[in-house]
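Descriptive structure summary
Chain residues, written in single-letter form:
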Amino acid sequence: MKRYDLMNQINARGTYLTSKICIPHLLKSKNPHILNLSPPLNLNPVWFKGNLAYTMAKYGMSMCVLGMSAEFRDEGLAVNALWPRTAVWTAAMEMMTGDESSKKCRKPEICADAFYAIVTQDSRKFTGNFCIDDKVLADAGITDFEQYAVEPGQELMPDFFLDAADGMGGIIREQSDKAFAAKARAENAASKGKPQSHSAVGGGENHAAIFDAIGQHIKAKPDPKLKGTYVFQVGGKSWFLNVENGDQGEGEAPSGKPIATLSMNDADFLEIFSGKLQSATAYMSGRLKIKGDMGAAMKLDKLLAQKNKK
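Residues numbered from 1 in each chain as written. Predicted model: local features only at pLDDT ≥ 70, side-chain atom pairs only at ≥ 80, totals over all residues. Heavy atoms only, no water.

**As for the overall build of the protein chain**
From N to C terminus, the protein chain includes twelve helices and eight strands. Considering the protein chain as a whole, with its 310 residues, one finds that 41% of them fall into the buried category. Sequence separation of 24 or more characterises 69% of the internal contacts of the protein chain that already satisfy a separation of 6 or more. Accessible area for the protein chain stands at about 17,300 Å²; split by element, carbon and sulfur atoms hold 56% of it. (Helix = DSSP H or I, 4+ residues; strand = E, 2+ residues; numbered from the N terminus. Buried < 20%, exposed > 50% of the residue type's maximum accessible area, 1.4 Å probe, protein only. Contact = heavy atoms within 4.5 Å. Areas by Shrake-Rupley, 256 points an atom, 1.4 Å probe, with all protein chains shown as cover.)

**Some points on the confidence of the model for the protein chain**
Residues at a pLDDT of 70 or more form 76% of the protein chain, whose mean pLDDT is 82. The low-confidence segment residues 165-180 (pLDDT under 50) makes 22 contacts with residues lying over four places distant or belonging to another chain. (pLDDT = per-residue confidence, 0-100.)

**Quick look at the nonpolar core**
In a soluble, globular protein the nonpolar side chains are often hidden away together inside. Formed by 21 residues in total, the largest nonpolar core has its most connected members in Phe232, Leu262, Met264 and Phe273. Residue assignment for this core shows that the elements contributing at least two residues are helix H8 (204-220), strand E4 (229-234), strand E5 (237-242), strand E7 (260-264), helix H9 (266-273) and helix H12 (300-308). The greatest single-element share of this core, amounting to four residues, is contributed by H8. With residues up to four places along the chain from it excluded, the contact list for Phe232 reads Phe211, Lys237, Ser238, Trp239, Leu241, Leu262, Met264, Phe273 and Leu300. (Core = buried A, V, L, I, M, F, W, Y, C linked by side-chain atoms within 4.5 Å.)

**Brief notes about the side chain of Asp113**
Mapped onto the elements, Asp113 comes out in helix H4 (residues 109-119). Although Asp113 lies buried, it forms no salt bridge, and the closest oppositely charged side chain, Lys289, sits 8.0 Å away as judged by the N-O distance. (Lys, Arg positive; Asp, Glu negative; His and termini not counted. Salt bridge = Lys/Arg side-chain N within 4 Å of Asp/Glu carboxyl O.)

**Focus: the packing of aromatic side chains**
Scanning the model with the defined rule gives 15 aromatic pairs in all. On the numbers, 5.5 Å between centres and 90° between planes, the contact of Phe48 with Tyr59 is edge-to-face. Here Phe48, found in the loop between strand E1 (33-37) and helix H2 (52-72), pairs with Tyr59, found in helix H2; they are eleven residues apart in sequence, far enough to count as distant. With relative accessibility at 23%, the residue Phe48 sits in the partly exposed group. Grouping aromatic residues by their ring pairs yields a cluster made of Trp47, Phe48, Tyr54, Tyr59, Trp83, Phe160 and Phe161. (Phe/Tyr/Trp six-rings, centres within 6.5 Å; stacked < 30°, edge-to-face > 60°.)

**Topic: H2**
End to end, H2 covers 30 Å across 21 residues, agreeing with the expected 30 Å (1.5 Å per residue, within 8%). Taken as a whole, H2 has its buried residues at Thr55, Ala57, Lys58, Tyr59, Gly60, Met61, Ser62, Cys64, Val65, Met68, Ser69 and Phe72. The secondary structure elements touched by the buried residues of H2 are helix H1 (2-26), E1, strand E2 (78-83) and strand E3 (130-132). (Expected span 1.5 Å × (residues − 1).)

**Let's talk about the sheet that holds E2**
Strand order in the open sheet formed by three strands is E1-E2-E3, with parallel pairing between adjacent strands. The sheet terminates laterally at E1 and E3, the two strands that pair on one side only. Geometrically, the sheet is characterised by an average inter-axis angle of 30° between neighbouring strands, direction not taken into account. (Pairing = 2+ DSSP bridges. Axes fitted to C-alpha atoms, helices over the stretch in contact; angles between N-to-C directions.)

**Some thoughts on the sheet that holds strand E8 (residues 289-292)**
The strand order across the open sheet built from five strands is E6-E5-E4-E7-E8, with neighbouring strands paired in mixed fashion. Strands with a single pairing partner mark the edges of an open sheet, and in this sheet they are strand E6 (248-250) and E8. Put simply, the sheet's adjacent strands are angled 15° from each other on average, direction ignored. Relative to E5, E4 is paired through six bridges, and the arrangement is antiparallel. Each residue of the ladder has a partner; that of Phe232, found in E5, is Trp239. Along the sheet, H9 makes contact with E4 and E7, crossing E7 at roughly 120°.

**Here's the deal with H9**
Three or more residues of H9 are buried, namely Asp266, Asp268, Phe269, Ile272 and Phe273. The buried residues of H9 occupy an angular sector of 160° when projected down its axis, which confines them to one face. Of the residues that open H9, the one with a side-chain oxygen 3.2 Å from the backbone nitrogen of Ala267 is Asn265. (Arc of directions from axis to C-beta. Polar contact = N/O pair within 3.5 Å; in protein donor to acceptor, adjacent residues only side chain to side chain.)

**Some details on the environment of Cys105**
Its location among the elements puts Cys105 in the loop between helix H3 (91-97) and H4. Filtering out sequence-adjacent residues up to four positions away, Cys105 remains in contact with Ala87, Val88, Trp89, Met93, Ala149, Val150 and Leu156.

See below:
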């Protein structure tokens, strides 16, 4: 019973107690969310047989979602659940299954990205949902799920509590392959018979003009809240931009470690720097890669909005 008590104290009781203590404070915020890492309430006996205590503990968390989302819906507090479709490579997985199983898992980043996609939604409109990580990201526009695989190309191990588990890894792989193929066909069709020029794809000349314009804007209207140097990797080239003094140019940053390095293709570079595409949207859809301080990188939207304002 010690193991039973431990699981229920941490999962069901811990979720209820933490929520109870936090709810009065959350109700004072503008967009309050509670997000439990718990599965859909699936009553298929296969998920109870052989691991009843664990299922009871996890379903206790899910019942908190069901009950609290209904109780606090009118007060604007969102309560949702998130669950991974496949096994996620964590210390617990390593302890239980050994190193070899890592190749059949996804990285924890998929849950982190899904978490972000959920808690940035309007709490009054998105509550009482039992979300699956890749479905959340697919709805957010992400098609590249290979980026989350520990070892791309491997069949993935399905997680507990989701029906049709047999062969699910192959189904996930098939869906991923179809998404990649569709994306490649669309890109090929868009470029076929249309020779690309600097103006069409934002070549080096356009890059230089854009960075020069931003540099001039910073020098004319510096923002004391923006600090440091950013590096942009676009179309196989690197550019740096100091958002404090407006220094910019092609190549490596003159000195110091950049706050963040942002990687994107030429077309997305033009859309982001013209204000047509938000950095957060580009990141969530896999079109923008960020290495370093993500929060600082997202602040660039403010600078670009100021620069593009006529």
